[in-house]
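Here's the letter readout for the chains.
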Amino acid sequence: MKRAAIFAAAIYLATAAHVGSKNVFFSGAAGPYDVSVVVRPPDVVPGLAEISVRVPDGRNDVERVTVRPVRWDAQEGGAPPPDPAVPVPGDSELYSAELWLMTVGAYRIEVTVDGTRGSGTASVPVTSVMRGVRDLPPALGGLLVVLGGLLLSGAVAIAGAAVRESRLAANEGVRNTHRRRARFAMALASGTLLAAAYGGYAWWNAVDREARSGIFQRLSVEGVVTPAVGGPVLEVRVTDRSWLGRNWSPLVPDHGKLMHMFVIGAPDMRRFAHVHPVPVDSATFRAPWPDLPAGEYRIYGDIVHESGFAQTVVDTLFVLDEALTRAEPVAVGEGDPDDSSWRGAPVPLTDSNPSTPLADGSTLVWMGETELRVDEEVKLTFAVRDPVGDPAALEPYMGMLSHAALTRTDGSVFVHLHPAGTISMGSLSVLAPDARPPTQAGAVEEGMGDGTRDLMVAGSDDPAARVEFPYAFPQPGEYAVWVQVKREGQVLTGAFRVKVEE
């Protein structure tokens, strides 16, 4: 079998689910209250996660907001008691709290709102991982070495003085015998203390190595495009030793798919696809290659493990022309009906009313802020107009009113967004299958808990015309944003190009 695509390595920030964007954004409901939640996980574990809870229109109704971390394998009564979130001065709708995440793994953050309308709880899936180890500042390290040297010198001097002078009678002088014994004692003390210091140094390095070995590394994969009778095939193979050694739990469906693979043409952002490879063995996934030309592509695959742990695998492909021609057969099923692809130029936000045409003649309109800044919470808002300019009726696309993907043009940031935020719906179905926020539209996905199904269609008060995605860009620079909706059975994709200022 001839393979005409070659793997090229890429280095990305390790942030488990998504790439280069560690904060978690959630928009949903806690019983009778609409809530927007932002979770800022710590970089080191154990560490403090910062939680912000906004309750719109709740200033006169909300009496108390509490938050609690619940690890995925916590037994009944195994989670800590909830901590109160305190009101933020100057903003009557905003509450904040800090929670300790003591271990790595999948958590759900329970956000409970009590008030005159009753009580309700929202669950926000969070992946806790080690992103790094804080190094000791060189100046502080040098100071500690100097102080340690003084301490050892003092201890040696004390040992020598004790042997030399502690047994002398009053007015008795120090003799050579005493000095020799003192020197011997000082040498013995020096050797003992230096051995102890070396032991401490070795222990410190062992602890440091152990901590660094716990820094999260996403599963490594290799992607290739293989020519086949039915058309070219995208093959993604997990090459990570931890996966091949069965150190990871199996995968569970997210929106009914084991993998959501986003294929993005680099560096121009003019080619895009959202496909769903299926497993053909324990380490290999395949999907028909979408209708895209040869060239360089970045691929981002979202997967969820049985524990609710979500992560994004990444790779870079160089697809050659000969890979897109027919050749020997390859066993691969029919393409997923939810697969989609797009070609075009993302529309820049330089116009006063930026919009882009969709394949069925309708129009996708950018309705939100056009001046975007780093870490500024925004709702990326879009309206869909039918060919005559009226609000278009949208159909659920894999259970959601819309999906969006955004990436920094250098590939250092990638996020898969839903109207419910950046959370993984697969993680939510594992961690909180019984959560039950209010439904805002009617379509559901089979096999999901009631609360999960409700969130699958949440995100807009006007599901027939507008979709919103809560988010905050983590870095300045140029980004491409693709928005996907479904009308009359057809998946429609529009794209914008945005600039995020510092």
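Residues numbered from 1 in each chain as written. Predicted model: local features only at pLDDT ≥ 70, side-chain atom pairs only at ≥ 80, totals over all residues. Heavy atoms only, no water.

Caption draft 1: Fine view of the pattern of salt bridges. For the structure shown, the criterion picks out 24 salt bridges. A salt bridge links Arg164 to Glu165, with the nearest nitrogen and oxygen atoms 3.2 Å apart. Assessed through its relative accessible area of 23%, Arg164 is described here as partly exposed. Linked through salt bridges whose partners overlap, the residues forming this network are Arg54, Arg59, Asp91 and Glu93. (Salt bridge = Lys/Arg side-chain N within 4 Å of Asp/Glu carboxyl O. Buried < 20%, exposed > 50% of the residue type's maximum accessible area, 1.4 Å probe, protein only.)

Caption draft 2: Layout of the nonpolar core. Ranked by internal contacts, the top residues of the largest apolar core, which has 34 residues, are Leu380, Phe382, Leu406, Phe473 and Val498. Within the residue set of this core, elements represented by two or more residues are β22 (363–366), β24 (378–385), β25 (403–408), β26 (414–417), β27 (466–471), β28 (477–487) and β29 (490–501). Not counting the four nearest positions on each side in its chain, Leu380 is found in contact with Trp366, Leu406, Leu417, Val467, Glu468, Phe469 and Phe473. In terms of nonpolar packing, the next biggest core, distinct from the first, is built from 30 residues, Val24, Val39, Val113 and Val126 among them. (Core = buried A, V, L, I, M, F, W, Y, C linked by side-chain atoms within 4.5 Å. Helix = DSSP H or I, 4+ residues; strand = E, 2+ residues; numbered from the N terminus. Contact = heavy atoms within 4.5 Å.)

Caption draft 3: Structural context of the side chain of Ser128. On the secondary structure map, Ser128 appears in strand β9 (residues 118–128). Ser128 gets classed as buried once you look at its relative accessible area, which sits at 2%. A polar contact is formed between the side chain of Ser128 and the backbone oxygen of Thr103, at a distance of 3.0 Å. Every residue in contact with Ser128, bar those within four places of it in the chain, is listed here: Val45, Leu101, Thr103, Val104, Gly105, Tyr107 and Phe309. (Polar contact = N/O pair within 3.5 Å; in protein donor to acceptor, adjacent residues only side chain to side chain.)

Caption draft 4: Spatial organisation of the pairing of strand β17 (residues 295–305). When you tally the buried positions in β17, you get 10 out of 11 residues, the bulk of the element. As paired strands, strand β12 (residues 251–252) and β17 are joined by two bridges and run antiparallel to one another. The partner of Leu251 across the bridge, within β17, is His305. Pairing analysis gives six bridges linking strand β13 (residues 260–265) to β17, with the strands arranged antiparallel. For His260, the partnering residue across the bridge sits in β17 and is Asp302. Between β17 and the antiparallel strand that follows it, strand β18 (residues 310–319), lie four residues; Gly308 among them carries a positive phi value of about 90 degrees. (Pairing = 2+ DSSP bridges.)

Caption draft 5: Just the environment of Ala30, in detail. Take Ala30: it is sitting in strand β2 (residues 24–30). Sequence separation between Ala30 and Asp114 is 84 residues, and the spatial gap between their C-alpha atoms is 9.3 Å.

Caption draft 6: Here's a closer look at the sheet that holds strand β3 (residues 33–40). The strand order across the open sheet built from eight strands is β2-β3-β4-β7-β6-β5-β8-β9, with neighbouring strands paired in antiparallel fashion. Edge strands, defined here as strands with exactly one partner in the open sheet, are β2 and β9. Pairs of neighbouring strands in the sheet enclose a mean axial angle of 25 degrees, with direction left out of account. In this structure, strand β6 (residues 83–88) lies alongside strand β7 (residues 91–101), joined through three bridges in antiparallel fashion. Opposite Val88, over in β7, you have Asp91 as the bridge partner. (Axes fitted to C-alpha atoms, helices over the stretch in contact; angles between N-to-C directions.)

Caption draft 7: Expanded view of a nonpolar patch on the surface. Where nonpolar side chains cluster on the molecular surface, the patch consists of Leu136, Leu140, Leu143, Leu144, Val146, Leu147 and Leu150 and spans about 640 Å² of accessible area. Relative to the elements of secondary structure, Val146 occurs in helix α1 (residues 138–165). (Patch = residues over 30% accessible without salt bridge, like charges linked within 9 Å, V, L, I, M, F, W, Y side chains within 5 Å. Areas by Shrake-Rupley, 256 points an atom, 1.4 Å probe, with all protein chains shown as cover.)

Caption draft 8: Local environment of unusual backbone geometry. With an omega of 0 degrees, the peptide bond running from Val45 to Pro46 counts as cis. Cis peptide bonds are those with omega within 30 degrees of zero, and the linkage from Ala266 to Pro267 qualifies with 0 degrees. When you line up the elements, Pro267 lands in the loop between β13 and β14 (271–275). Phi angles above zero are rare outside glycine, and Asp57 is one such case at about 60 degrees. Within the fold, Asp57 resides in the loop between β4 (47–54) and β5 (62–71).

Caption draft 9: Expanded view of a positive patch on the surface. On the surface, Arg167, Arg179, Arg180, Arg181 and Arg183 cluster together into a patch of positive charge. Tracing the chain through its elements places Arg181 in helix α2 (residues 176–213). According to the relative accessible area criterion, Arg181 is exposed, its value standing at 51%. (Lys, Arg positive; Asp, Glu negative; His and termini not counted. Charge placed at Lys NZ, Arg CZ, Asp CG, Glu CD.)

Caption draft 10: Representation of the environment of Pro419. For Pro419, the location among the structural elements is in the loop between β26 and α4 (425–431). Separated by 391 residues in the primary sequence, Pro419 and Gly28 have C-alpha atoms spaced 8.9 Å apart.

Caption draft 11: Spatial organisation of the confidence of the model for the chain. Within the chain, residue pLDDT values average 86, and 89% of them lie at 70 or more. When the criterion is pLDDT under 50, residues 1–14 qualifies, and its contacts beyond four places in sequence or with other chains add up to 43 contacts. The model gives residues 437–461 a pLDDT under 50, and that stretch makes 67 contacts with residues more than four places away or in other chains. (pLDDT = per-residue confidence, 0-100.)

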